[in-house]
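# Architecture and fold: a report
Below, each chain spelled out in residue letters.
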Amino acid sequence: MLNRLRAPPRPAAAVPDSPLGARSVFTVGQRWALFAAFTLLVALRLPDAWTHGRFQDEEATVFLAYAWHHPWLDALFRPFAGYWNLGANASTVLVAELVKGGVVSLERAPYITMTIGLAFQVLPGVLILTGKAQWLANRLAVVVALLMIAIMPATSEVSFNVLHIQFHLALCTGIILALDVPDSRLARASYQLLLFLAPLCGPGAIVLLPFFALRAFLDRDTGRAWQFGVLAVGAALQLLIFYGPSPVRGHPLNPALIPAVMLVRMIALPAVGIQLGNRVAMTIVDSLLEGGVLVWLASAATVALFAALVWKAAQRRDAAVWLVLSGLSISAVTFGVGMATLNPLSAFNIQGGERYNFLPLVLVGLALLVLAMRTEFRRSIFAALCLLMLITGAYHYQLPLEDFAHGPSWPDEVRAWRADHNHPLAVWPRPWVADLSDEAQECLPPGPDPAHSTQPRYCESGWLAGFYRM
């Protein structure tokens with residue numbers, strides 16, 4: 001397999017690239033039009049958020065509230081829930097300082113975080129439109145890739161908020177692994193910046209580090225080695241300085257059940273949608289609780305199916321195998337030990353943590369696209385699978401989970417807060433509220449019984465208590 005994955009030698013004469021290092025099948029004007037359409041598709045998934053102004057739970061209840069009550073340097077470098085989320089920390093520190101300094105009104109504050117979140121959310125699309133790879137040398141493939149990023153079902157939780165910048169940067173990491181190393185210095189530097197930031201915003205990108213090492217070894221390419229090195233530096237900073245245990249993690253799912261969860265979230269969801277997918281999940285969980293064999297058959301079938309997919313992807317020297325390995329690895333680590341939950345079986349609930357669906361679905365979907373481009377697209381079973389994923393995503397595009405689709409009006413909450421600074425400001429979804437009062441509390445480390453903590457939610461012990469009260 002290693003010989004099959006070795007990159008073919010580069011041609012002696014490089015084809016001139018655009019300033020971003022890409023030779024696109026589209027003109028510059030067409031790429032701008034596609035980017036605008038992609039951005040609108042992403043932004044309009046939750047239109048009420050733009051109408052009313054939205055902070056999504058921990059954006060305001062944890063990160064903004066902590067930055068409001070504590071020195072900015074402390075808020076910037078605070079790890080939370082076991083890791084450092086630079087994207088959320090830096091964005092909310094910026095908002096707090098701008099509001100306190102009178103530069104931005106509190107009523108307009110959520111539009112800052114929403115815009116920052118949207119900017120990072122469209123970065124994978126920028127890579128698709130400007131990157132260079134054999135699988136992107138077709139206009140239909142580029143369009144399908146953009147749609148997969150924008151409309152995957154049960155992924156609206158990651159929409160334009162700074163909490164989940166980490167997922168979009170991790171997706172950028174997977175896409176960079178699947179793209180050719182660009183020739184221009186600007187593009188190389190841009191890729192390296194994304195690879196450095198990704199692990200500093202969350203652990204997802206760190207899972208891909210071994211694949212960058214393997215590809216650098218196989219390609220014998222200095223550019224790949226630089227990509228691995230930059231990602232490794234960011235990962236080392238996260239793991240050695242900030243990363244630590246959290247009471248809501250470390251509740252590992254039985255390893256034999258992880259494939260069954262992957263069947264629900266990565267096969268049933270894109271194939272039959274949310275409702276039928278959750279019925280499949282309930283059937284599997286009932287079998288598990290009753291001591292049946294269905295859950296084990298589901299796990300065995302999933303392992304066989306994904307093993308066959310990896311084998312098929314490794315048959316040619318293209319991006320398919322890197323995308324498949326990235327999606328499956330992130331999925332296994334996430335559903336096995338990475339989810340924030342007290343009940344490991346909640347991993348079977350498709351809408352329980354929609355953010356965890358995003359990376360596996362998109363990365364494996366892009367892998368199917370690469371496989372489809374190996375032959376006549378319209379005759380490929382992989383093209384049919386891509387089409388099925390897009391149909392399911394399009395159906396659920398305007399049917400997001402109620403918690404993410406609607407919520408309180410932030411300006412109304414601010415008006416009540418201006419009359420009484422002790423008024424807790426309601427955020428999306430209810431019943432969570434943000435404490436922007438004039439009194440700050442010192443945050444103590446979580447105690448042995450986090451369920452009975454009386455600290456505010458912006459303290460980690462107060463946030464943890466919410467898991468026991470739900």
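Residues numbered from 1 in each chain as written. Predicted model: local features only at pLDDT ≥ 70, side-chain atom pairs only at ≥ 80, totals over all residues. Heavy atoms only, no water.

## Considering helix α14 (residues 258-289)
Taking 1.5 Å as the rise per residue, α14 with 32 residues should run 46 Å; its terminal C-alpha atoms sit only 16 Å apart, a clear shortfall. At glycine 273, α14 shows its maximal kink, close to 135 degrees. Positive backbone phi, at 75 degrees, marks glycine 291, one or two positions downstream of α14. (Helix = DSSP H or I, 4+ residues; strand = E, 2+ residues; numbered from the N terminus. Expected span 1.5 Å × (residues − 1). Bend = angle between axes of the 7 residues up to and from the residue.)

## Some points on the packing of aromatic side chains
One pass over the full model with this rule turns up 10 aromatic pairs. The interplanar angle of 80 degrees and the centroid separation of 4.8 Å between the aromatic rings of phenylalanine 55 and tryptophan 410 together place this pair among those described as edge-to-face. Here phenylalanine 55, found in the loop between α3 (47-52) and α4 (58-69), pairs with tryptophan 410, found in helix α20 (residues 410-419); they are 355 residues apart in sequence, far enough to count as distant. On the basis of relative accessibility, which here comes to 1%, the residue phenylalanine 55 falls in the buried class. Ring plane angle 20 degrees and centroid distance 5.6 Å describe the contact between phenylalanine 77 and tryptophan 84, whose orientation is recorded as stacked. The exposure class of phenylalanine 77 is partly exposed, given its relative accessible area of 41%. By way of ring pairs, the aromatic residues Phe63, Phe80 and Trp463 are connected into one cluster. Between the NZ or CZ atom of arginine 220 and the centre of the ring of phenylalanine 217, over which it lies, the distance is 4.3 Å. (Phe/Tyr/Trp six-rings, centres within 6.5 Å; stacked < 30°, edge-to-face > 60°. Buried < 20%, exposed > 50% of the residue type's maximum accessible area, 1.4 Å probe, protein only. Lys NZ or Arg CZ within 6 Å of the ring centre and 35° of its normal.)

## Describing the state of the cysteines
According to the stated counting rule, one finds 1 disulfide in the structure shown. A disulfide bridge connects cysteine 443 with cysteine 459, and the sulfur atoms are separated by 2.0 Å. Torsion about the S-S bond of the cysteine 443 and cysteine 459 cystine: about -75 degrees, corresponding to left-handed handedness. One end of the pair, cysteine 443, is in the loop between β2 (433-434) and α21 (460-469); the other, cysteine 459, is in the loop between β2 and α21, with 16 residues separating them in the sequence. Note on cysteine 443: relative accessible area 23%, which makes it partly exposed. You can call cysteine 459 buried: its relative accessible area is 0%. Free cysteine: cysteine 172, not disulfide-bonded; nearest cysteine sulfur from cysteine 201 at 11 Å. (Disulfide = S-S within 2.5 Å.)

## Focus on the nonpolar core
In terms of nonpolar packing, the biggest core is built from 153 residues, with Leu106, Ile128, Trp135 and Leu366 touching the most fellow members. With 14 residues, helix α17 (residues 355-372) is the largest single contributor of residues to this core. The contacts of isoleucine 128, once residues within four sequence positions are left out, are Trp135, Leu136, Val142, Ala145, Leu146, Ile149 and Ile175. (Core = buried A, V, L, I, M, F, W, Y, C linked by side-chain atoms within 4.5 Å. Contact = heavy atoms within 4.5 Å.)

## Regarding a nonpolar patch on the surface
There is a patch of nonpolar side chains on the surface, built from Val233, Leu237, Leu239, Leu240, Ile241 and Tyr243 and spanning about 590 Å² of accessible area. Looking at the secondary structure, you find leucine 239 in helix α13 (residues 222-242). Take leucine 239: its relative accessible area is 42%, and that puts it in the partly exposed class. (Patch = residues over 30% accessible without salt bridge, like charges linked within 9 Å, V, L, I, M, F, W, Y side chains within 5 Å. Areas by Shrake-Rupley, 256 points an atom, 1.4 Å probe, with all protein chains shown as cover. Salt bridge = Lys/Arg side-chain N within 4 Å of Asp/Glu carboxyl O.)

## Quick look at the pattern of salt bridges
Scanning all chains against the criterion turns up 9 salt bridges. Between arginine 418 and glutamate 107 there is a salt bridge, with the nearest N and O atoms lying 2.9 Å from each other. Pair noted here: arginine 418 is in helix α20 and glutamate 107 is in the loop between α6 (86-100) and α7 (109-121), with a separation of 311 residues, a long-range link. Between glutamate 157 and arginine 355 there is a salt bridge whose closest N-O contact spans 2.7 Å. Residue glutamate 157 is located in the loop between α9 (139-151) and α10 (165-178), and its partner arginine 355 is located in helix α17; the two are separated by 198 residues in the primary sequence. When sorted by exposure, glutamate 157 lands in the same class as arginine 355, which is buried.

## Here's the deal with the packing of α10 against α17
Two numbers describe how α10 lies on α17: the axes approach to 10 Å, and their chain directions differ by 20 degrees. Judged by the angle between their axes, α10 and α17 are roughly parallel. The interaxial crossing formed by α10 with α17 has right-handed handedness. Contacts between α10 and α17 involve Phe167, His168, Ala170, Leu171, Gly174 and Ile175 from the former and Arg355, Phe358, Leu359, Val362, Leu363 and Leu366 from the latter. Residues of the contact of α10 with α17, tallied by class, amount to 9 nonpolar, 2 polar and 1 charged. (Axes fitted to C-alpha atoms, helices over the stretch in contact; angles between N-to-C directions. Parallel < 35°, antiparallel > 145°, perpendicular 65-115°, else oblique. Left-handed = near helix turned anticlockwise from the far one by under 90°. Nonpolar A, V, L, I, M, F, W, Y, C, P; charged D, E, K, R; others polar.)

## Focus: the confidence of the model for the chain
Residues of the chain with pLDDT of at least 70 account for 93%, and the chain-wide mean is 91. Counting contacts from residues 9-22, a segment whose pLDDT is below 50, to residues more than four positions away or on other chains yields 26 contacts. (pLDDT = per-residue confidence, 0-100.)

## Let's talk about the environment of leucine 325
Relative to the assigned elements, leucine 325 resides in helix α16 (residues 320-338). Leucine 325 gets classed as partly exposed once you look at its relative accessible area, which sits at 21%. Residues leucine 325 and proline 360, 35 residues apart in the sequence, show an inter-C-alpha distance of 9.8 Å. Non-local contacts of leucine 325, meaning those with residues more than four positions away in its chain, are made with Phe211 and Val310.

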